[in-house]
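As a plain string of letters, each chain reads:
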Amino acid sequence: MTEQTVCIPPRATSFRAVCELCASSQLASRGYLGAVVEGTLPLSRDHGHVTCGRGHEIRVLRALPASLVH
Ligand SMILES: [Zn+2]
């Protein structure tokens with residue numbers, strides 16, 4: 001099973017991602033409809049995961065703040 005990962009901005013606590021597995025298994029004419037996953041990640045955490053409506057797990061990684069990249 002393909003592992004999916006999304007990155008969210010340093011200060012984001014909620015996000016929307018597209019489940020590639022769902023997107024690739026439905027008619028292209030529907031676009032991403034039905035494949036969008038919404039999730040939340042507290043600022044106290046730098047990673048987590050969401051599960052789409054069809055049960056695919058997607059890893060969530062928080063991007064490092066620019067001030068910490070150097
Ligand atoms: Zn899915």
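Look up a bit, the structure's there.
Residues numbered from 1 in each chain as written. Predicted model: local features only at pLDDT ≥ 70, side-chain atom pairs only at ≥ 80, totals over all residues.

(A) Looking closely at the overall build of the protein. A tally of regular secondary structure across the protein gives one helix and five strands. Looking at the protein as a whole, 13% of its 70 residues qualify as buried. (Helix = DSSP H or I, 4+ residues; strand = E, 2+ residues; numbered from the N terminus. Buried ≥ 20, exposed ≤ 12 C-beta atoms within 10 Å, placed from the backbone.)

(B) Looking closely at the environment of Gly55. Position of Gly55 among the secondary structure elements: in the loop between β4 (47-51) and β5 (57-62). Judged by the 9 C-beta atoms lying within 10 Å of it, Gly55 is exposed.

(C) Looking closely at the nonpolar core. By size, the foremost hydrophobic cluster in this structure holds eight residues: Ile8, Cys19, Ala35, Val37, Val50, Cys52, Ile58 and Val60. Residues contacting Val60, with those up to four places away along its chain left out, are Val6, Ile8, Gly39, Leu41, His47, Gly48, His49 and Val50. (Core = buried A, V, L, I, M, F, W, Y, C linked by C-beta atoms within 7 Å. Contact = placed C-beta atoms within 7 Å.)

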